[in-house]
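Read off the chains here:
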Amino acid sequence: MAGSSPRSAKGRYICIHGHFYQPPRENPWLEAVDTQDSAAPYHDWNDRITAECYAPNGASRIVNRADQIVRIVNNYSRVSFNFGPTLLSWLQENAPRTYRTILAGDQQSAARYDGHGSAMAQAYNHVIMPLANMRDRLTQIRWGIADFEHRFGRKPEGMWLPEAAVSLENLDLLAQHDIRFTVLAPHQCLRVRELDEATLQPTLPEMREAGAGWKETPNASVDPRRPYLVRLPEGRTIAVFFYDGPISRAVAFEGLLNNGENFARRLESALDGSSAPQLVHIATDGESYGHHHRYGEMALSYALKLIENGETATLTNYPSFLASFPPSWEAEIVENTSWSCAHGIERWRSDCGCNGGRQGWNQRWRAPLREALDWLRDHVAPLSVKAAGGLLKDLWKARDEYISVVLEAPGKLARTETVERFLARHAAHSLTAADRIRVLKLMEMQRHAQLMYTSCGWFFDDISGIETIQIIAYAARVLQLAAEVFGASGQELEVPFLEILARAKSNVPEWKNGAEVYRRLVKPLEIGLEQAAAHYSIVSFFDNYSEETTLFCYSVRRLDYQLVPSGRGRLAIGQVRITSNITEESETFFFASLYFGDQNVSAAVKPFSEENLPAFNALKKKCLAAVRLGNLPEVVRLIDGYFGGSPYTLVSLFGDDQRRILRIILKSTLGEVEHSLAGIYEENASLLHFLSATGLPKPPILAMAAGFSINAGLRRAIERNPVDLGRVHSLISLAKEDGLVLNEHDLSYQIDRRMKNTMVSLQADPLNGELLDRALDLARVLREFPFRLNLWQAQNIWNDMLSTVPRVSNEPESPGAERLRDRFLELGRQLGIAVEELVVEGEEEGPLEKQPSLPLEDTLSSSGASMP
């Protein structure tokens with residue numbers, strides 16, 4: 001805590017800020033992130049960066065010279081940070097343990113820094129605020145604050161502006177919403193002057209006139225070691241911290257995170273010898289600490305430890321420093337600037353030269369892309385106001401408060417209750433079911449009209465990039481909802497929108513322009529209730545669904561279902577009711593699907609109606625009879641005759657399920673290939689051993705078969721329950737003897753998950769000696785792999801099991817308990833933990849070796865924490 005710092009550090013402070021952010025990646029129609037192959041072996045980039053950065057910073061390692069863990073710390077408790085709200089939403093659902101460490105970090109920082117939590121809010125979905133209209137700016141700020149209060153349980157003191165893009169008008173909006181400070185780059189400061197601390201006026205009377213006493217700050221020469229007061233319209237003020245540019249650049253681009261000690265010393269060296277209070281602070285992408293720079297989170301932890309234990313400076317955060325040392329200088333900002341574009345904010349609207357680095361490409365597509373989105377927003381707005389008339393008291397006030405609904409996961413009871421409260425506040429009168437759907441579609445239209453401005457869509461090289469495709473997909477969802485809510489007026493929006501988008505020329509000849517990207521890459525993603533029904537009917541061949549189930553953001557109720565096999569073929573026919581958990585829209589469909597084996601599957605869907613029910617029942621009776629006779633051609637004829645064709649196939653399935661079903665279909669085929677290659681290896685194993693022993697070259701085809709067989713065998717052995725440890729040991733030995741390369745990328749990922757699952761089982765039953773032996777044996781065998789393993793999650797669980805126990809006991813241990821305890825500690829050693837040196841975070845006693853003996857029941861008690 002600040003109050004307990006050494007005397008020599010008085011008035012000298014250090015703060016490290018991390019801007020943790022990824023753009024929203026959810027499919028706009030499914031509210032789920034699709035598989036992203038470039039992030040393999042992880043499911044998607046959120047998943048990968050969580051594993052490399054967000055999670056490690058919540059349980060970062062400090063190691064000794066033998067590279068063994070001596071402390072596991074939560075970096076979020078010692079640094080300043082902001083997380084993108086849309087990223088936190090994903091983490092809450094998909095990585096709950098990491099999510100909890102972030103919230104805990106803020107709570108712990110408040111205890112450490114005189115009641116001031118380190119988390120800052122952020123404008124909601126990373127919109128470039130100076131380029132947004134006033135209505136959108138207000139929503140971005142209000143949604144950002146509401147999201148922060150919902151998650152962190154307190155009001156934010158500071159707010160991060162996306163890309164640090166700033167204007168005086170936006171600072172004034174922050175101040176109007178009780179935001180006390182923000183953080184900017186040094187080049188965003190225009191000029192500064194000193195204030196009289198008592199009056200907050202310029203120090204000399206003759207300087208109080210406009211323009212008097214100012215010191216220009218060319219080349220980012222502002223002193224970053226103090227906060228500055230910025231005067232705003234109508235008498236408001238806000239504090240601004242201009243971060244240290246050179247050190248921030250060194251962290252991001254110059255390898256400063258290669259050594260934690262160098263990092264700490266560089267920060268401390270920026271302090272001067274004056275007695276005035278001073279704050280050395282930096283700001284970088286949070287992803288620098290672990291994702292952009294491997295083990296960057298460990299360098300951060302070590303630097304923080306050195307600073308915290310030293311006498312040079314005291315760690316703090318922005319609001320704590322501001323509370324103790326209000327601004328004694330004022331500043332004026334450079335309007336419409338950002339931290340990542342040398343041309344102000346042109347990176348998000350013009351071909352300014354800032355890009356991802358692809359030589360010979362241009363970004364002239366940025367201007368028409370923004371123009372198209374602005375056109376869509378400005379045409380949807382009046383139509384929305386008209387449609388909301390008689391339904392809502394105030395459309396824009398309702399939009400600002402719709403964040404309360406967004407914060408609840410679709411399909412959950414809490415969301416239904418939140419919708420009820422939302423409508424009770426904003427509905428002009430009691431709404432019918434159709435009116436409720438109309439209102440929710442209006443709100444979703446406005447939500448996606450916000451998401452389509454996410455800054456990453458303009459940041460990189462081409463309009464065909466995944467970030468730009470994502471924001472165009474949000475615009476497509478706006479268009480779809482507009483057509484459904486506004487009728488003909490909404491349907492007419494797509495053509496002029498695409499005419500503007502066609503002017504956004506791609507650098508890739510294949511994609512031509514933004515309109516082509518829309519038609520070929522975005523439009524095929526668009527789905528509705530009918531597509532959800534078709535998806536259900538096909539996937540039902542492979543999944544044993546109950547009467548009620550959930551498909552992504554849809555609820556499915558099976559009303560009538562019959563599945564009849566015929567050789568390799570199968571028929572599924574019946575009725576199903578599909579309900580959107582987002583808009584509450586619901587519809588019942590007739591369906592009929594045929595599966596012929598392998599990838600050959602087709603489905604037909606038709607809206608239900610009472611008048612068509614007799615005809616459908618007659619169809620079903622005929623189809624079932626034909627299937628039982630094995631007459632599948634007749635079934636196809638009957639289905640086509642009733643439904644008018646079978647337009648849905650395996651290609652129609654939603655992204656992740658399509659891949660999953662293909663894996664099921666391919667499983668037997670791949671098994672046969674694997675068996676054949678294994679046979680080739682086994683038949684020629686002795687020859688390969690001889691060639692390896694003599695140093696003679698191995699035929700590439702035999703080496704390929706051997707490598708495939710060994711890696712596949714290891715994968716299967718690790719997948720077994722329990723793990724086939726003997727087989728793992730044998731295959732690793734064979735790989736070493738024959739000089740075969742193991743697939744480090746995939747095996748390391750699989751090993752990490754398997755060790756984690758083994759530890760989860762042990763945590764659930766910590767006194768189970770058999771589970772403990774299994775975990776210990778597995779950890780020992782895994783050390784035989786010839787590459788560095790990522791056992792991060794398993795180490796965390798071991799640390800949880802140790803750190804949550806009482807630290808004192810007068811009860812003697814039984815011999816059996818002592819043996820179990822010894823094996824548990826040995827497990828820690830095998831996992832790379834320096835058990836005798838370990839310091840438990842938050843404990844005052846010191847290393848484990850100095851602790852009194854603990855009864856096993858305490859030592860091995862479960863923390864009860866669930867894993868992501």
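Pairing is antiparallel across the open sheet formed by six strands, whose spatial order is β16-β17-β18-β19-β20-β21. Unpaired on one side and paired on the other, β16 (548-551) and β21 (648-649) mark the two borders of the sheet. In the sheet, strand β20 (residues 600-607) pairs with β21 via two bridges, with the strands oriented antiparallel. Residue pairing across strands places Ala-603 opposite Tyr-648, the latter belonging to β21. The sheet contacts of helix α20 (residues 529-539) involve β16, β17 (554-566), β18 (569-580), β19 (586-597), β20 and β21, and relative to β19 the element is tilted by about 40 degrees. Strands in contact with helix α21 (residues 613-628) are β17, β18 and β19; relative to β18, the strand with the most contacts, it is inclined by about 150 degrees.

Taken as a whole, the protein shows an average pLDDT of 91; of its residues, 93% reach a score of 70 or greater. Across residues 805-811, confidence stays below pLDDT 50; counting only partners more than four residues off in sequence or on other chains, it has 19 contacts.

Inspection of the entire model under this criterion finds 36 aromatic pairs. Where Phe-81 meets Phe-83, the ring centres are 6.0 Å apart and the plane angle is 80 degrees; that geometry is what we call edge-to-face. Between the aromatic rings of Phe-590 and Phe-608, the centroid separation amounts to 5.1 Å while the plane-to-plane angle is 55 degrees, which identifies the pairing as tilted. On the criterion of sequence distance, the pair formed by Phe-590 in strand β19 and Phe-608 in the loop between β20 and α21 is long-range, its members being 18 residues apart. Positioned above the aromatic ring of Trp-361 is the side chain of Arg-358, whose terminal nitrogen or guanidinium carbon lies 4.4 Å from the ring centre.

The next thing to look at is the packing of helix α24 (residues 685-694) against helix α26 (residues 725-738). One way to put it is that α24 packs onto α26 with a least axis distance of 8 Å and a crossing angle of 50 degrees. Considering their axes alone, α24 and α26 lie oblique with respect to each other. Each of Leu-688, His-689 and Ser-692 in α24 lies in contact with α26, whose residues at this interface are Leu-734, Glu-737 and Asp-738. Here the contact of α24 with α26 is built from residues that sort into two nonpolar, two polar and two charged.

As a further point, take the nonpolar core. Ranked by size, the top nonpolar core spans 106 residues in total, and within it Leu-373, Leu-376, Met-445, Met-452, Phe-497, Tyr-518 and Ile-578 carry the most contacts. Within the second largest apolar cluster, 90 residues are counted, among which are Leu-87, Met-159, Ala-270 and Leu-300.

Procedures and definitions
Residues numbered from 1 in each chain as written. Predicted model: local features only at pLDDT ≥ 70, side-chain atom pairs only at ≥ 80, totals over all residues. Heavy atoms only, no water. Pairing = 2+ DSSP bridges. Helix = DSSP H or I, 4+ residues; strand = E, 2+ residues; numbered from the N terminus. Contact = heavy atoms within 4.5 Å. Axes fitted to C-alpha atoms, helices over the stretch in contact; angles between N-to-C directions. pLDDT = per-residue confidence, 0-100. Phe/Tyr/Trp six-rings, centres within 6.5 Å; stacked < 30°, edge-to-face > 60°. Lys NZ or Arg CZ within 6 Å of the ring centre and 35° of its normal. Parallel < 35°, antiparallel > 145°, perpendicular 65-115°, else oblique. Nonpolar A, V, L, I, M, F, W, Y, C, P; charged D, E, K, R; others polar. Core = buried A, V, L, I, M, F, W, Y, C linked by side-chain atoms within 4.5 Å. Buried < 20%, exposed > 50% of the residue type's maximum accessible area, 1.4 Å probe, protein only.

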